[in-house]
Each structure stands twice: as C-alpha cells, then as structure tokens.
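Summary of structural features
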Amino acid sequence: MFPTFPFDLSLCSFLVPTFPAAISNVVPAPAAKQVAAVESTNVVTESLAEVYRTIATATRRRMSAMQAIPTPVASAFATRGSLNSKFTLTADAWRITAARRTIAEVRFVKIDGAKSNIINAWIFPLAPAQTPVFAAELIGVNDVTRVAFIDIQTPALSGQAAVRVKSMTRPLAQRYATLPCDEPAPGWATCESTGNFTYARGASNADLQRISDCYFDYLDCYIDHFMESPPLATPPATDSGQMARTAAEQLHSYQLHHMEHSPGKKFLGNLFGNDWTHQFMTDFLFAETKE
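The following paragraphs examine the structure supplied in this document.

Rules behind the numbers
Residues numbered from 1 in each chain as written. Predicted model: local features only at pLDDT ≥ 70, side-chain atom pairs only at ≥ 80, totals over all residues. Heavy atoms only, no water. Helix = DSSP H or I, 4+ residues; strand = E, 2+ residues; numbered from the N terminus. Buried < 20%, exposed > 50% of the residue type's maximum accessible area, 1.4 Å probe, protein only. Contact = heavy atoms within 4.5 Å. Areas by Shrake-Rupley, 256 points an atom, 1.4 Å probe, with all protein chains shown as cover. Salt bridge = Lys/Arg side-chain N within 4 Å of Asp/Glu carboxyl O. Core = buried A, V, L, I, M, F, W, Y, C linked by side-chain atoms within 4.5 Å.

Helix and strand counts for the protein come out as 8 helices and 8 strands. A buried classification covers 52% of the 291 residues belonging to the protein. In the protein, of all internal contacts separated by at least 6 residues, the share reaching a separation of at least 24 is 71%. Surface exposure of the protein reaches about 12,900 Å², of which carbon and sulfur atoms provide 52%.

Summed over the entire model, instances satisfying the criterion amount to 8 salt bridges. A salt bridge links arginine 62 to aspartate 220, with the nearest nitrogen and oxygen atoms 2.7 Å apart. A residue pair is termed long-range when its members are at least 10 positions apart, and arginine 62 in helix 1 (residues 48-65) and aspartate 220 in helix 5 (residues 208-226) qualify at 158 residues. The exposure class of arginine 62 is partly exposed, given its relative accessible area of 27%. Overall, the relative accessible area of 23% leaves aspartate 220 in the partly exposed class. Between lysine 110 and aspartate 112 there is a salt bridge; the shortest N-O distance is 2.6 Å.

So, about the nonpolar core. Phe134, Leu138 and Tyr215 are the most contacted members of the largest nonpolar core, which has 47 residues in total. Looking at this core, the element that brings in the most residues is helix 5, giving 11 residues. Filtering out sequence-adjacent residues up to four positions away, tyrosine 215 remains in contact with Ile55, Thr59, Phe108, Ala121, Phe134, Ala136, Leu138 and Ile150. Listed in part, the 35 residues of the second largest apolar core include Cys181, Ala185, Ala189 and Phe267.

What follows is the structure, encoded as structure tokens:
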C-alpha cells in the first residue's frame with residue numbers, strides 16, 4: 001500500500017505537528033455494537049524496530065493459532081536485499097481455510113534497514129462479493145511511525161455485507177482517532193473504505209503501543225468476524241457464477257489500482273530494482289487470489 005513517504009527513508013526528519021488521526025464518516029455506534037475504548041497504559045521502552053519485530057512475530061502466531069496454512073513464497077520474492085545493501089525485504093504468505101476450503105490469502109511483507117522498518121499486510125478473500133479485504137501499512141524511521149494506515153475495505157461488497165463492515169469498524173476508528181496526523185489520507189488508499197480507517201502520521205515512541213494495538217484490533221476484528229464459513233452472505237445460486245466472476249474482477253482491479261497509484265512501486269523499484277519490483281507486485285503482493 002505505502003500511502004506516502006520519501007524515497008530515502010534514512011534521510012527523513014520529522015518536525016511533524018500533532019493532529020488527531022484522519023478518519024471519515026465516523027458517527028457514534030449503537031450501544032450494542034460499541035467497543036469500549038482501551039487506552040494502553042504500557043510504557044514503551046522498546047525501539048520501533050523491536051516493536052515492529054514483535055508485531056510481525058505476533059501476526060505469524062495468529063496465523064498459526066487459526067491454523068492458517070503457510071504458503072511457500074517463490075525464492076525470488078521470499079527474501080531480497082536492496083541494491084544499496086541497506087535494506088532487506090522478507091515476504092510470508094498463508095491460506096486461511098474453513099470447511100477444508102481456502103477462503104482467503106494472507107500476504108505479509110517486512111522491510112528492515114538500519115534506521116527504517118516497514119510492515120505491509122494484506123488479506124485478500126476468495127469470495128470478495130461476500131468478504132472484505134484487510135489492509136495495513138506501518139512505516140517507521142528511527143523511533144517515529146512516519147505512516148500508519150489500517151483498514152478493512154470493501155472493493156466488491158455492497159448492501160448488508162458492506163453495512164456490517166462499516167458497523168464493525170466504526171468503534172475501531174473512534175478508538176484510535178486521537179493518534180497524530182497532519183494531513184488527510186490519500187484518496188487512492190481510501191476509495192474502497194467504508195470511512196472507518198485509521199491513518200496516523202508522525203507517531204512518536206510514546207504512541208508505539210497504540211499503533212500496535214490498532215493494528216491488532218483491526219486484524220482481530222477481521223479474523224473474528226469476517227473469516228467465516230459460510231461467508232457474510234450467499235448469493236442466489238442462479239447468480240452466483242456471474243457475481244463471483246464480477247467480484248473477482250473488482251478485487252483484482254482494486255489490487256492493480258493500489259499497485260499503480262501507491263508511491264510504493266517507485267520506492268521499491270529504487271531499492272530493489274524496477275524489473276524485480278514489477279514481478280514482486282504482480283506475481284506475489286497483488287496477484288489474483290486463487291483457490
């Protein structure tokens with residue numbers, strides 16, 4: 001996803017004013033749906049690199065706990081050193097199953113440098129007409145989270161399925177609305193959102209625990225409420241084939257839109273080479289989901 005960042009992260013300076021996190025279309029949730037806000041009382045003494053490493057480890061543990069099946073990543077994409085030897089990219093993938101069928105694919109990317117750390121996580125459903133997408137991007141330099149964008153998005157959902165996503169994510173957006181931010185989230189990143197995303201910029205070391213909590217609150221919401229069998233809604237049998245094909249096309253268009261409009265493509269190209277980056281994005285990160 002890579003919402004916005006400079007191309008040489010090691011040269012960034014962060015004289016960033018503190019503003020509430022950017023959220024849109026957030027209104028009080030009905031009492032039955034409201035999730036109680038939990039402010040972290042932890043005093044963070046770990047570095048950003050250590051916290052991001054813990055997030056990656058805990059994500060893998062969640063996949064293991066839900067018996068997601070590790071998917072081999074092509075050796076060309078699993079690990080890659082940057083052309084300047086300052087960054088290392090690692091990629092993981094899993095298949096989430098229910099009733100012995102794959103219902104979603106997880107793609108998780110971590111990039112580490114001496115001063116910079118990035119996490120990019122996606123969960124793409126195989127039935128996008130009934131199930132949303134999980135999207136998360138954390139970009140850190142030194143001990144500042146330069147960008148955090150976390151959301152559950154609905155590129156092929158409509159009707160009650162989309163309403164349910166909006167209802168379930170509203171309390172999360174409210175909970176983290178006070179994270180610092182100094183600009184609106186980019187439109188290409190939010191065009192398939194219900195509006196209940198969290199977008200933070202310039203979050204200091206003091207906010208690290210809340211950034212981590214935010215990531216896992218959205219991830220756990222997605223796993224607990226949207227990784228279901230059967231999915232959110234089942235279309236009529238007479239329409240299911242065409243609807244599935246249309247939804248799959250909408251999901252892939254959404255993936256390609258992110259790939260082409262995100263500054264991440266140029267950023268990765270500068271670090272790892274343009275040809276490799278194009279292959280990595282088309283054949284792994286934003287590849288079509290297949291059962």
